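One letter stands for each residue in the lines below.
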Amino acid sequence: MTRDTFFQVVSDLTLAIQGASAYPENHPRVQELLVRLHHRVQSGASLLHGLNIGFFHDHIVVDEVPFVGPNPTLTRLIERMRGKGIEKILISEGITYGELKRFVYFLAEGSGSPSEQLWESIVYGRIEGAESAGGASLGLAPDSTTPFILAGATEVLKDALVSIGTERKRSGVEEGRDIVSSIMKGLRQEGMLIDRLIQLQGHDDYTVTHSLNVCVLVVAQASRIGLPENRVREAGLAAMLHDIGKETTPPDILTKPGRLESGEFDLMKGHPVAGAKLLRKIDCGTELPMIVAFEHHIKYDRTGYPKVRTREPLHIASHMTQIADVYDALRSHRPYRPSMELERTLSIMKEGRGTEFEPRLFDGFVEILS
Ligand SMILES: [Fe+2]
Ligand SMILES: [Fe+2]
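Treat the numbers as computed from the prediction; the structure is a model and nothing was measured.

Caption draft 1: Up close: helix H16 (residues 359-369). Every buried residue belonging to H16 is among Leu-361, Phe-362 and Phe-365, and all of these are buried. Down the axis of H16, the smallest arc covering the buried residues is 100°, so these residues share one side. Residues of H16 that are exposed and point over 90 degrees away from its buried face: Pro-359, Arg-360 and Glu-367.

In structure tokens form, the structure reads like this:
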């Protein structure tokens, strides 16, 4: 399916909803629109084994393809969905004309509770989970879902907020979500950065998922110590981009199962410098991403890499990223080992308190997660 075909699905859905609210039921114009929409949806869904549409502040994602405004069609559809509390729609293969029509009428109605209706081939709802029970893990396996490039961030965020938010009051959770969503917004506006992340995704899927997890964990730490919102956001952005230099690392090294040979490890160790160089060329509006990309593998006791001669203090955002980085790497499922339990991860990390990790930030981190 091409970008154009995806856009046609979005615009036909908008037209059908408008038609359904403007004309009486079974008016030929509405029928015509519904038939066309059904045809498009059906062929998309059978080709992709289900059609996935996400609605965000200012863009829509169909399958993995983002459509960013300003565009009146997108804006109208996003507003309509917001009014219905819908952030995500999943349409399965084989959806009937009747069900699609019913769904379009449901969307077209000004109000009305969706819960009385039964849907066979449609699942829809919010992309959030702050109020759902249980502590979901942050270690999102890279192969567990097909990640939407940026929409995936919201999924990660959902899991993160469930675990961060269980012990905290709801306003804290909401604040965390707002902050990260504004990071996402900033990223979307900065087309260059998105291109980089998308490139990195093609290069190594895991790195992008990992970057989003680390971003969320850094935002949580930064909020916890009471940094002002703009600095929290800055730290989150820096964390998101910390591994951007991995686009220069050969993919077979990034995904190699098991230990790296020493030559391979040397290549891997180039990513902080490569990232800093890359970020120096991009205007992020702040130098912090460059600093964090450079410093995130330097440990609290100055071992790690790259080797630095001075004892200049590392940036606090680098310390926070480093902690989140190790945590997420241990928690994530990788091809060569399963993910590690929360408690075991923290007890292993505890051994690095004061040597590998800045001790007070480490304590704070443990507090956030336990
Ligand atoms: Fe790294
Ligand atoms: Fe990393």
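Caption draft 2: Representation of the nonpolar core. By size, the foremost hydrophobic cluster in this structure holds 36 residues, and its most contacted members are Val-218, Ala-235, Ala-239 and Ile-323. Listing elements by their share of this core, those giving two or more residues are helix H8 (205-224), helix H9 (229-240), helix H12 (271-281), helix H13 (288-295), helix H14 (316-331) and H16. The dominant element in this core, judged by the number of residues it contributes, is H8, at 10 residues. Not counting residues up to four positions away in its chain, the partners in contact with Val-218 are Ala-235, Gly-236, Ala-239, Ala-317, Met-320, Thr-321 and Ala-324.

Caption draft 3: Geometry of the pairing of strand E1 (residues 51-55). By the criterion of burial, E1 is predominantly enclosed, with five of the five residues buried. Side chains of E1 alternate between two faces, with Leu-51, Ile-53 and Phe-55 and Asn-52 and Gly-54 buried alike. Examined bridge by bridge, E1 and strand E4 (residues 88-91) share four bridges and lie antiparallel to one another. Directly across from Gly-54, in E4, lies its bridge partner Lys-88. In terms of strand pairing, E1 meets strand E2 (residues 59-62) through three bridges, oriented antiparallel. For Phe-55, the partnering residue across the bridge sits in E2 and is Ile-60. Between the end of E1 and the start of E2, which pair antiparallel, lie three residues.

Caption draft 4: A look at H12. Buried within H12 we find His-271, Pro-272, Gly-275, Ala-276 and Leu-279. Taken down its axis, H12 places every buried residue within 135° of arc, on the same side. On its buried face, H12 sits against helix H11 (262-268) and H13.

Caption draft 5: Spotlight on the packing of H12 against H13. Remark: H12 packs on H13, axes separated minimally by 7 Å, with the N-to-C direction vectors making an angle of 170°. It follows that H12 is roughly antiparallel to H13 by the angle criterion. When H12 is examined against H13, the residues Pro-272, Val-273, Gly-275, Ala-276, Leu-279 and Arg-280 are found in contact with a partner set consisting of Pro-289, Met-290, Ala-293 and Phe-294. Classifying every residue of the contact of H12 with H13 by side-chain character gives eight nonpolar, one polar and one charged.

Cut-offs applied
- Residues numbered from 1 in each chain as written.
- Chains lettered and ligands numbered in written order.
- Predicted model: local features only at pLDDT ≥ 70, side-chain atom pairs only at ≥ 80, totals over all residues.
- Buried ≥ 20, exposed ≤ 12 C-beta atoms within 10 Å, placed from the backbone.
- Helix = DSSP H or I, 4+ residues; strand = E, 2+ residues; numbered from the N terminus.
- Arc of directions from axis to C-beta.
- Core = buried A, V, L, I, M, F, W, Y, C linked by C-beta atoms within 7 Å.
- Contact = placed C-beta atoms within 7 Å.
- Pairing = 2+ DSSP bridges.
- Axes fitted to C-alpha atoms, helices over the stretch in contact; angles between N-to-C directions.
- Parallel < 35°, antiparallel > 145°, perpendicular 65-115°, else oblique.
- Nonpolar A, V, L, I, M, F, W, Y, C, P; charged D, E, K, R; others polar.

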